[in-house]
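# Fold and contact review
One letter stands for each residue in the lines below.
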Amino acid sequence: MALSDKSRRDDKQTDDVTASELEVLMANISKIMEEEDSKVFSNEVISEFRNPHNPERMADADGSGMADGLCGDMMEMFVKTDGPRIVRCSFFTDGCGATVASGSRLARFVEGMTVDEASSVRPIDLVSLLGGLPEDHEHCAALAVIALRNALRNVEERRRAEG
């Protein structure tokens, strides 16, 4: 066997070991992050962040609204209505995990509500639905609620404009 063939085989074995070691390292890092997150965030927040509901800009929305946070996060909320009811709600954000969780939980919560009912949702209600947020992340819930209220106001403005 030529030396270059052995060298290629050794490189492949090294790559396999390196890939395997990298997978183990990534699994360990993920486990540490999960443990740290669970010390700070509720299971509801972690679940919403990992599996967000309707995280998208809705092309056929009847209303959309945006809010910018002092932290630099941005939240957009989109609603689709059928008469007075919200039949679909989605969100888009460039924010942190707590902001993603807030947008996701709020989108799920308001589906099926009337526009008036959804307009009365308060940030503290969303914090409660999420099982709490650390004090330095409570503004994430306010950001989602403000964006939703702006989207609902947009629905009403469009309805008035249509006649």
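About the cut-offs
- Residues numbered from 1 in each chain as written.
- Predicted model: local features only at pLDDT ≥ 70, side-chain atom pairs only at ≥ 80, totals over all residues.
- Heavy atoms only, no water.
- Buried < 20%, exposed > 50% of the residue type's maximum accessible area, 1.4 Å probe, protein only.
- Helix = DSSP H or I, 4+ residues; strand = E, 2+ residues; numbered from the N terminus.
- Pairing = 2+ DSSP bridges.
- Polar contact = N/O pair within 3.5 Å; in protein donor to acceptor, adjacent residues only side chain to side chain.
- Contact = heavy atoms within 4.5 Å.
- Axes fitted to C-alpha atoms, helices over the stretch in contact; angles between N-to-C directions.
- Phe/Tyr/Trp six-rings, centres within 6.5 Å; stacked < 30°, edge-to-face > 60°.
- Lys NZ or Arg CZ within 6 Å of the ring centre and 35° of its normal.
- Parallel < 35°, antiparallel > 145°, perpendicular 65-115°, else oblique.
- Nonpolar A, V, L, I, M, F, W, Y, C, P; charged D, E, K, R; others polar.
- Core = buried A, V, L, I, M, F, W, Y, C linked by side-chain atoms within 4.5 Å.

Moving on, we get to the pairing of strand 1 (residues 63–68). Along strand 1, the buried face is formed by G63, G65 and A67; none of S64, M66 and D68, which line the opposite face, is buried. Bridge count for strand 1 against strand 2 (residues 74–82) is six bridges, and the pairing is antiparallel. In the strand pairing of strand 2, M66 is matched with E76. Taking the residues between adjacent antiparallel strands as the criterion, strand 1 and strand 2 are bridged by five residues, where G72 takes a positive phi near 105°.

One can find E76 in strand 2. A distance of 2.7 Å separates a polar atom in the side chain of E76 from a polar atom in the side chain of R57. Not counting chain neighbours up to four residues away, the residues in contact with E76 comprise R57, G65, M66, S90, F91, F92 and A147.

In a beta sheet, neighbouring strands pair by backbone hydrogen bonds and run either parallel or antiparallel. Spatial strand order, 1-2-3: three strands in an open sheet with antiparallel pairing. The open sheet has two edge strands, strand 1 and strand 3 (85–93), and neither has a second partner. Each adjacent strand pair in this sheet contributes to an overall mean axis angle of 20°, direction not counted. Against the sheet, helix 3 (residues 97–110) makes contact with strand 2 and strand 3, and its axis sits at roughly 170° relative to strand 3, the strand it touches most. Against the sheet, helix 6 (residues 138–162) makes contact with strand 1, strand 2 and strand 3, and its axis sits at roughly 145° relative to strand 1, the strand it touches most.

Summarising burial for strand 2: seven of the nine residues are buried, a large majority. Looking at chain direction, strand 2 and strand 3 are connected through eight bridges and run antiparallel. The partner of D82 across the bridge, within strand 3, is R85. Count of turn residues in the strand 2/strand 3 antiparallel hairpin: two residues, of which G83 carries a positive phi of about 65°.

Mapped onto the elements, S104 comes out in helix 3. Relative accessible area serves as the criterion here: at 0%, S104 is assigned to the buried category. If sequence neighbours within four positions are ignored, S104 has contacts with E48, N51, P52, H53 and F91.

Moving on, we come to the packing of aromatic side chains. All chains considered together, the criterion is met by zero aromatic pairs. Taking the ring centre of F92 as reference, the NZ or CZ of R57 above it sits at 3.8 Å.

To continue, consider the packing of helix 2 (residues 43–50) against helix 3. In contact at an axis separation of 8 Å, helix 2 and helix 3 are set at 85° when each is read in the N-to-C sense. The angle between helix 2 and helix 3 places the two elements in the roughly perpendicular class. Across the interface between the two elements, V45, E48 and F49 of helix 2 pack against G97, V100, A101, S104, R105 and R108 of helix 3. Classifying every residue of the contact of helix 2 with helix 3 gives four nonpolar, two polar and three charged.

Turning our attention to the nonpolar core. By size, the foremost hydrophobic cluster in this structure holds 34 residues, and its most contacted members are M77, V79, I86, C89, L106, V110 and L148. When contributions to this core are tallied by element, the ones reaching two or more residues are helix 2, strand 2, strand 3, helix 3, helix 4 (115–119), helix 5 (123–129) and helix 6. Ranked by residues supplied to this core, first place goes to helix 6 with ten residues.

Right, let's get into the environment of S64. For S64, the position within the fold is in strand 1. Classification of S64 as partly exposed rests on a relative accessible area of 32%. For the pair S64 and F91, spaced 27 residues apart in sequence, the C-alpha separation works out to 9.3 Å. Each residue touching S64, except ones within four places of it in the same chain, is listed here: M77, F78, N150, A151 and N154.

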